[in-house]
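Close look at the chain arrangement
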Amino acid sequence: MSDLRPVAVDELLARRAASSAPEAWITPTAPEALRARVAEVDTRLAAGAELPLAGVPFAVKDNIDVARLPTTVACPSFAYVPEANATVVQRLLDVGAVCAGKTNLDQFATGLVGTRSPQYGPCRNPVVPEYIAGGSSSGSAVAVASGEVAFALGTDTAGSGRVPAALCGLVGLKPTPGALPNDGVVPAMASYDCVSAFTTTVADAATVLDALADPSATAPPAAMNPTRLGIPDSINWRGDDDARSRFADAVDHAVAKGCTVEEFDGHALWEAGAMLYGSALVAERHAAFGAFAAAHPADLDPAVAEIVRRAGDQRGSEVYRALAAMRRLCDEVAELWFDIDALLLPTVARVPTFEESLADPFGPSAELGALTAFVNPLGLAAVAVPFGLRASGVPFGVSLVGPAGSDRALLARAATFTGETLGPPPSDRDHRLAVVGAHLSGQPLNHQLTDLGAVLCAATTTAPEYRLYALDTSPPKPGLLRASSGGGAAIEVEVWALDDAGLGAFVAAIPAPLGVGRVTLADGSEVTGFLCEPYAVEQAADITASGGWRAYLAGV
């Protein structure tokens, strides 16, 4: 079931108050701003706007600009208040999503542990607090894993989105470099930074990608034969036999789902990953914030300060040699895609404990990127998905990695792995369906729409010529009838969009005495909608005066 559902402001605030991980947040959105935003979304829906993420709460990593909220990169002395939203944030607002605030991170997005935030505090694993949450997008992952928001934005340079997704039991979408715009994102290593997303399901990740990406930037999945998965022939398990066993189970699971598997020589992957921070390429991190670090040494986490200092020691000639070496590795890895469709590998081998990560400022972070850091410098797409728990109770996960532009195909392959069904892209949802009762947002049968990939188009009313009745059903439902000789009223409805298959499956499951027909909306247009057979309302209570099912339930 999708978690991309609208949430009332009071419920969002209650989740915030009950949170056991306040350190996940740096700047929560103020209650009055949340209420104003929800009112704006409601107004747009009432005007007929199509808003597939209407009222859905999301969080934003605090190196991505949200207008009128400070961007701190977990360093208060660096903070500024942007006047405009980053493009990725604006695109989510354009489709109705509600920003719940800015989240904690490893300072300047430098680290994979989630503990390098001296002013705002380290993030613990929300499942097993004795372990780390992973970073650098730690707060975004914790906010989703703890149920405070439906999804969150992070960034990913060496694994900063995928690592915390794996450790927190989430889906971590890391698009092809360049697929999403980076304007309004404070750079860590601008050539390799990617905006990423955290969701609870692959289907939700696909919906978020639809909202974020220009369709021309990521190819739609073509009809796919059984997936050919490549497994690296050498993985450094860091002595963790439990992780090795979990991955073997994941490979068996993929085969059971119809995939074929073959080993390949993974040396080019590991070499590219080691080069990202272990070669002169790291000079780009000094270009990003080295001048600020030199001017404010006391404000930086010691590990972050040392990393950026070393980055400033690189020679220009060595940078160009490193770039040439990376191009050679890109050409070598490109040969893989003739024989395989995607790579399958563990996202993280061993998981360091919280105390270990505090005690060792460099080792755990370097270890966590060993299986993820190669992806961006090689220009690849990736999606991390959960696969059960480790013996420690910490989530285990695997990553699917594919060539540039394969983002949507990777999501389709990931959905096969997790047993999900992806809906069509929004442009293919051609049918409009008006619902009036238990299928409204937040009502008990709404999932029957979202499970079929339906998206909310509008909240409006019928033309003033209908009557509404409370039927004796389980769960309770209303029946809508067109008034035969006047005396009708405008009744609250939501209009949802489905594709051919979705509408067919939905209509086939409707029980008597309900059915579908043509319903006239307030603007005079006609859509498919729920109606009721006249015999069913003979003994039913007429609730037309309430104006709609929600208002009737509120007054019962």
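Residues numbered from 1 in each chain as written. Predicted model: local features only at pLDDT ≥ 70, side-chain atom pairs only at ≥ 80, totals over all residues. Heavy atoms only, no water.

**Digging into the overall build of the chain**
What counts, and what does not: Per the convention used, a helix needs a DSSP run of H or I reaching at least four residues, while a strand needs a run of E reaching at least two, with both numbered from the N terminus. Just to be clear, the radius of gyration here is over C-alpha atoms, and the globule rule we use is 2.2 Å times residues to the power 0.38. For this analysis, residues touch if any pair of their heavy atoms sits within 4.5 Å. Here the Shrake-Rupley method, with its probe set to 1.4 Å, supplies the accessible areas, and only the displayed protein chains count as covering residues. For this count, His and the chain ends are skipped, Lys and Arg are scored as positive, and Asp and Glu as negative. Here the site of a charge means NZ on Lys, CZ on Arg, CG on Asp, or CD on Glu.
Tallying secondary structure elements over the chain gives 17 helices and 19 strands in all. In summary, the chain has a C-alpha radius of gyration of 25 Å against a globular reference of 24 Å for 556 residues, a match within 12%. C-alpha extents for the chain along the principal axes are approximately 85 × 50 × 40 Å. In the chain, of all internal contacts separated by at least 6 residues, the share reaching a separation of at least 24 is 76%. By element, 54% of the accessible surface of the chain is carried by carbon and sulfur atoms, the whole surface being about 21,200 Å². In the chain, 37 positive and 62 negative side-chain charges are present, and the distance between their average locations comes to 3 Å.

**Remarks on the state of the cysteines**
Which entries qualify depends on this criterion: Disulfide assignment relies on a single distance test, namely cysteine sulfur atoms paired within 2.5 Å.
Tallied over the entire structure, the rule returns 0 disulfides. There is no disulfide at Cys 99, and the cysteine sulfur nearest it, in Cys 123, is 17 Å away.

**Describing the pattern of salt bridges**
This is how the line gets drawn: Salt bridges are defined by distance alone: a side-chain nitrogen of Lys or Arg within 4 Å of a carboxyl oxygen of Asp or Glu. For every residue, the accessible area (1.4 Å probe, protein chains only) is compared with the maximum for its type, and the residue is labelled buried under 20%, exposed over 50%, or partly exposed between those bounds.
Taken as a whole, this structure holds 25 salt bridges when the rule is applied. Between Arg 35 and Asp 10 there is a salt bridge, and its shortest N-O distance comes to 2.9 Å. Pair noted here: Arg 35 is in helix H2 (residues 31-46) and Asp 10 is in helix H1 (residues 9-18), with a separation of 25 residues, a long-range link. You can call Arg 35 partly exposed: its relative accessible area is 41%.

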